[in-house]
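Secondary and tertiary structure notes
If you want the building blocks of each chain, they are given just below.
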Amino acid sequence: MFICLLVVIFQIFTLLASVVGGSEETTPSNLPPAMVSEAVLQYQDVFLEAMKEYGVSEEYLPVLLAMCMQESGGQGNDVMQSSESKSGQIGTITTPKESIFQGVKYFASLIESAELSGPSDEDRLKVVVQSYNFGGGFVGYADSHGGKYTPALALGFSQMMAMKMGWNKYGDPLYIEHVWRYLQTSTDGDAGVSGAGEFKIPVINPVITSGFGPRWGTNHRGIDFGQPISTPIGASQAGTVEFASFGQSGSGFGGFGNCVLVNHHNGYWTLYAHMSVIKTSVGQNVKVGQIIGEVGSTGDSTGPHLHLEIRTEKMGGQVDPYPFLYPS
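Here's a quick rundown of the structure. Because the structure is predicted, anything quoted here is derived from the model rather than measured. (Residues numbered from 1 in each chain as written. Predicted model: local features only at pLDDT ≥ 70, side-chain atom pairs only at ≥ 80, totals over all residues. Heavy atoms only, no water.)

**Some remarks on the overall build of the protein chain**
Helix and strand content of the protein chain: 11 helices and 12 strands. Counting only residues that meet the buried cut, the protein chain has 47% of its 328 residues in that class. Counting contacts in the protein chain only where the partners sit at least 6 residues apart, residues at least 24 apart contribute 59% of the total. Of the accessible surface of the protein chain, which amounts to about 16200 Å², a share of 55% is contributed by carbon and sulfur atoms. (Helix = DSSP H or I, 4+ residues; strand = E, 2+ residues; numbered from the N terminus. Buried < 20%, exposed > 50% of the residue type's maximum accessible area, 1.4 Å probe, protein only. Contact = heavy atoms within 4.5 Å. Areas by Shrake-Rupley, 256 points an atom, 1.4 Å probe, with all protein chains shown as cover.)

Here is the structure:
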């Protein structure tokens, strides 16, 4: 009887502990994890501390880390470039912690101003994030133009403010593209690739706007598919991702903007360039058709399109993709 009583008491304490412990659980973020450097990740606890201080849900952590990656890559003292939001001047913040707390405080004020219900409202979230770069005035501008973020809206505000201030440029009208490239989203979807070739056509409703070969006095080493921004891009064959980042000058991928290189382990690689968003990471094994990104216009690009290359070497050996995609 005594042993049974002890068991009952233990079960009661266990139940109470689980209830109390459950109250401290946080809701998982609707945002994808941020693909950022170790220099940024070292400040994750500081971000969480600041978010608690200013009442910002932990669901926003991925986008704040992505913003930090864009602002500074985690380098320097003002890692969130938040001096101007504090004092109206550059260089007044002297420690990374001060920068993060000020940046999160300003971000919280923008959430309130935009009446953002949560990170699942991506159109409104992008208004808030773009306002971090432009200033709070962009919230009102967006409200007077439908309330949703669009690249054209950001460009229009930038041009209007540059003219008003007498400057050559105002802010970064591509700030959303630049931040969102560090957010990795689910890659379980299928882009609906098609074709009877050895390699599948990586976009739906493909329209070739530029072929392989001589172009504008140079040699175009791939095929361009003119597609709307955000069109899903699928892997043309199964393989392993060997590069997935913004192509910096000197990296061998300069000019390609956000791009992905896949090794198909059969003597061929495929390169997908100028993406608006990358949806994979280095080392990931992808299936044919698996979404690895979305069409954009990053890097040296004159408009939204996918530049596709088929290579016989990791860093070269480009061949005409057309016969592989459209066999005769």
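**What to know about the pairing of strand β12 (residues 316–319)**
Relative to β12, strand β11 (residues 305–313) runs antiparallel, the two sharing 3 bridges. Bridge assignment links I310 to a residue of β12, and that residue is V319. Hairpin connection from β11 to β12: 2 residues lie between these consecutive antiparallel strands. (Pairing = 2+ DSSP bridges.)

**Description of the packing of aromatic side chains**
In the structure shown here, the tally under the stated rule is 16 aromatic pairs. Summarising the aromatic geometry, the rings of F199 and Y268 are spaced 5.8 Å apart at their centres and angled 85° between planes, so their arrangement reads as edge-to-face. A residue pair is termed long-range when its members are at least 10 positions apart, and F199 in the loop between α10 (175–180) and β1 (208–210) and Y268 in the loop between β7 (258–263) and β8 (269–278) qualify at 69 residues. Residue F199 is classed as buried on the basis of its relative accessible area, which comes to 0%. When the centroid spacing of 5.7 Å and the interplanar angle of 80° are considered together, the rings of F199 and F324 count as edge-to-face. Here the residue F199 occupies a position in the loop between α10 and β1, and F324 occupies one in helix α11 (residues 322–325), the gap between them amounting to 125 residues. (Phe/Tyr/Trp six-rings, centres within 6.5 Å; stacked < 30°, edge-to-face > 60°.)

**Some details on the packing of helix α6 (residues 96–114) against helix α7 (residues 122–134)**
The contact between α6 and α7 brings their axes to 9 Å, and the two run at 135°. Accordingly, the angle class assigned to the pair α6 and α7 is oblique. Crossing handedness for the pair α6 and α7: right-handed. Where α6 abuts α7, its residues G103, Y106, F107, L110, I111 and A114 lie against R124, L125, V128, V129, S131 and Y132. Split into classes, the residues belonging to the contact of α6 with α7 amount to 9 nonpolar, 2 polar and 1 charged. (Axes fitted to C-alpha atoms, helices over the stretch in contact; angles between N-to-C directions. Parallel < 35°, antiparallel > 145°, perpendicular 65-115°, else oblique. Left-handed = near helix turned anticlockwise from the far one by under 90°. Nonpolar A, V, L, I, M, F, W, Y, C, P; charged D, E, K, R; others polar.)

**Describing helix α3 (residues 44–53)**
Of all the residues in α3, the buried ones are V46, F47, A50 and M51. End-on, the buried residues of α3 take up no more than an arc of 135°, which puts them together on one face. Opposite the packed face of α3, turned more than 90 degrees from it, sit the exposed residues D45 and K52. Check the buried side of α3 and you find it contacts α4 (61–71) and α6. Looking one or two residues past α3, G55 carries a phi angle of roughly 70°, positive in sign. (Arc of directions from axis to C-beta.)

**Overview of the packing of α3 against α4**
At a minimum axis distance of 11 Å, the contact between α3 and α4 shows a crossing angle of 125°. The angle between α3 and α4 falls in the class oblique. Taken as a pair, α3 and α4 cross one another with a handedness that is right-handed. Note on element contacts: α4 touches α3 through L61, L64, L65 and C68, opposite Q44, F47, L48 and M51.

**Some remarks on the pattern of salt bridges**
Counted by the stated rule, this structure contains 9 salt bridges. When the shortest N-O distance is used, the salt bridge between D143 and R124 registers 2.5 Å. Here D143 is found in helix α8 (residues 137–143), whereas its partner R124 is found in helix α7, with 19 residues between them in sequence. With a relative accessible area of 40%, D143 lands in the partly exposed category. Classification of R124 as buried rests on a relative accessible area of 11%. Of the charged contacts, one joins R215 and D224 as a salt bridge, the two residues approaching to 3.2 Å between their closest N and O atoms. (Salt bridge = Lys/Arg side-chain N within 4 Å of Asp/Glu carboxyl O.)

**Topic: the layout of surface pockets**
By volume, the largest pocket amounts to about 510 Å³. For the largest pocket, the lining is made up of 17 residues, of which E84, Y132, N133, F134 and G135 are closest to its centre. Elements that contribute at least two residues to the lining of the largest pocket include exactly α5 (83–87) and α7. The leading source of residues in the lining of the largest pocket is α7, at 4 residues. (1 Å grid on protein atoms, 1.4 Å probe; cavity = no way out; pocket = protein on both sides within 12 Å on 5 of 7 lines; lining within 4 Å. Points joined across faces, edges and corners; volume = space filled by probe spheres on them.)

Keep in mind these numbers describe shape, not what the thing actually does.
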